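Secondary and tertiary structure notes
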Amino acid sequence: MKRSPRGRLFKIYKKLFALYGPQGWWPGRSRLEIIVGAILTQNTAWTNVEKAIKSLKEAGALTSPACINSMRRDKLARLIRPAGYYNVKASRLKNFFDLLHKSYKGNIAGMGKAPTEELRRDLIQVNGIGPETCDSILLYAFNRPVFVVDAYTKRIFSRHKLCGRDAEYGIVQNLFMRNLPHSVRIYNEYHALIVRLAKEFCRTKPRCAACPLRSLSRAAIVCA
DNA sequence: GACCAGGCACATC
DNA sequence: GATGTGCATGGT
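Since this is a predicted model, take the numbers as computed values, not measurements. (Residues numbered from 1 in each chain as written. Chains lettered and ligands numbered in written order. Predicted model: local features only at pLDDT ≥ 70, side-chain atom pairs only at ≥ 80, totals over all residues. Heavy atoms only, no water.)

1. Re the overall build of chain A
If you tally the helices and strands in chain A, you get 12 helices and zero strands. From first element to last, N terminus to C terminus, chain A shows the α and β order α-α-α-α-α-α-α-α-α-α-α-α. Over its C-alpha atoms, taken along the principal directions, chain A stretches across nearly 60 × 35 × 30 Å. When the 224 residues of chain A are sorted by exposure, 50% land in the buried category. (Helix = DSSP H or I, 4+ residues; strand = E, 2+ residues; numbered from the N terminus. Buried < 20%, exposed > 50% of the residue type's maximum accessible area, 1.4 Å probe, protein only.)

2. Observations regarding the protein's contact with DNA strand B
Near DNA strand B, the surroundings consist of 24 residues, among which Trp26, Gly130, Thr133, Tyr152 and Arg155 are the closest. Backbone atoms, meaning sugar plus phosphate, form 70% of the atoms of DNA strand B positioned within 4 Å of the protein. In the environment of DNA strand B, a phosphate oxygen lies 2.9 Å from a nitrogen or oxygen atom belonging to the backbone of glycine 130. Within the side chain of arginine 155, one N or O atom sits 2.8 Å away from a phosphate oxygen of DNA strand B. At the level of elements, helix H9 (131-141), helix H10 (151-159) and helix H12 (184-201) are the ones that each hand at least two residues to the surface near DNA strand B. Here the surface near DNA strand B is built from residues that sort into 11 nonpolar, seven polar and six charged. (Near = heavy atom within 4 Å. Polar contact = N/O pair within 3.5 Å; in protein donor to acceptor, adjacent residues only side chain to side chain. Nonpolar A, V, L, I, M, F, W, Y, C, P; charged D, E, K, R; others polar.)

3. Looking at a positive patch on the surface
Residues Arg3, Lys11, Lys14 and Lys15 make up a contiguous surface patch of positive charge. The class for arginine 3 is partly exposed, based on a relative accessible area of 45%. (Patch = residues over 30% accessible without salt bridge, like charges linked within 9 Å, V, L, I, M, F, W, Y side chains within 5 Å. Areas by Shrake-Rupley, 256 points an atom, 1.4 Å probe, with all protein chains shown as cover. Salt bridge = Lys/Arg side-chain N within 4 Å of Asp/Glu carboxyl O. Lys, Arg positive; Asp, Glu negative; His and termini not counted. Charge placed at Lys NZ, Arg CZ, Asp CG, Glu CD.)

4. Some words on the protein's contact with DNA strand C
As a structural note, the neighbourhood of DNA strand C is formed by Asn43, Asn48, Lys51, Arg81, Pro82, Gly84, Tyr85, Tyr86, Asn87 and Val88. Of everything in DNA strand C that lies within 4 Å of the protein, sugar and phosphate atoms constitute 54%. Between DNA strand C and arginine 81, the relevant distance is 3.1 Å, taken from a phosphate oxygen to a side-chain nitrogen or oxygen of the residue. Here a phosphate oxygen of DNA strand C sits 3.2 Å away from a polar atom, N or O, in the main chain of tyrosine 86. Taken together, the elements giving at least two residues each to the surface near DNA strand C come down to helix H3 (46-58) and helix H6 (86-104). Element by element, the count of residues in the surface near DNA strand C is highest for H6, at three residues.

5. Looking at the environment of arginine 6
Examined against the element boundaries, arginine 6 turns out to sit in helix H1 (residues 5-20). Sequence separation between arginine 6 and leucine 162 is 156 residues; the distance between their C-alpha atoms is 10.0 Å. Here asparagine 179 takes part through its side chain, which lies 3.5 Å from a polar atom of the side chain of arginine 6.

6. Remarks on the environment of leucine 123
For leucine 123, the location among the structural elements is in helix H8 (residues 116-124). A sequence separation of 12 residues divides leucine 123 from aspartate 135, and the C-alpha atoms of the two residues are 9.0 Å apart. With sequence-adjacent residues up to four places away left out, leucine 123 is seen in contact with Phe96, Leu99, Met111, Ile129, Cys134, Ile137 and Leu138. (Contact = heavy atoms within 4.5 Å.)

7. Overview of the domain arrangement of chain A
Assigned domains within chain A: domain 1 (5-24 + 148-210) and domain 2 (31-141). One C-alpha centre belongs to domain 1, the other to domain 2; they are set 25 Å apart. In this assembly, 12 residues from domain 1 lie in contact with eight residues from domain 2. Taken together, both faces of the contact between domain 1 and domain 2 bury some 720 Å²; the carbon and sulfur share is 63%. Taken as a group, Val148, Tyr169 and Asn188 account for 56% of the area that domain 1 buries against domain 2, more than any other trio of residues on that side. On the surface where domain 1 and domain 2 come into contact, there are zero salt bridges. (Domains from an automatic or database assignment. Buried area = accessible area lost by both parts, 1.4 Å probe.)

Right, dumping it as structure tokens:
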């Protein structure tokens, strides 16, 4: 008998959790650091983001939102250089802090009190914050039950025939949010586990045979 | 040296 | 609405 999407999503989650355990995401100490990391990691390896965050910390830029807000864009770009796209990302960070300053009096804790819909509307309007970055901030910085969809999610779950390879962000997000409980803990862990799996098994073809999800989907070519 | 990485905005058709 | 392109570093 064919298993429902709900059953399959749960089964994959359980398999990954049993294999890897809790991932302890997001790898950032404060809300500020999580938000900055979410913007810096756009299309960029996390190892490069770590270098940029280290450099920001050493410059004292992550002690409060006011630090980056008052910093010159070119100085900020220099500090985040290892994360790549440094001119674009410096502007994007500035744009976020502009929102924070103008709409939330520069107060991240205050921002955290806003209703999810209001927060999402504000974040998504920031130039440089798209759906994934927005939802990463909502889930990991503000603990809102929002599922984060990234390129790995589409790659893996399209191979399991649960969504299309080029499905729109909202379509894939709905797949998870319709079929899983609206739980911060589960959404947090599931996304982190997907990244963990993808990093280990989805980059190179020879590793495909060892992919832990291989047995869960007969039709899917899981990692090729 | 080529390819890829936890996107996004913008131009063009 | 769909597709192509620029943005850039560092690891494999």
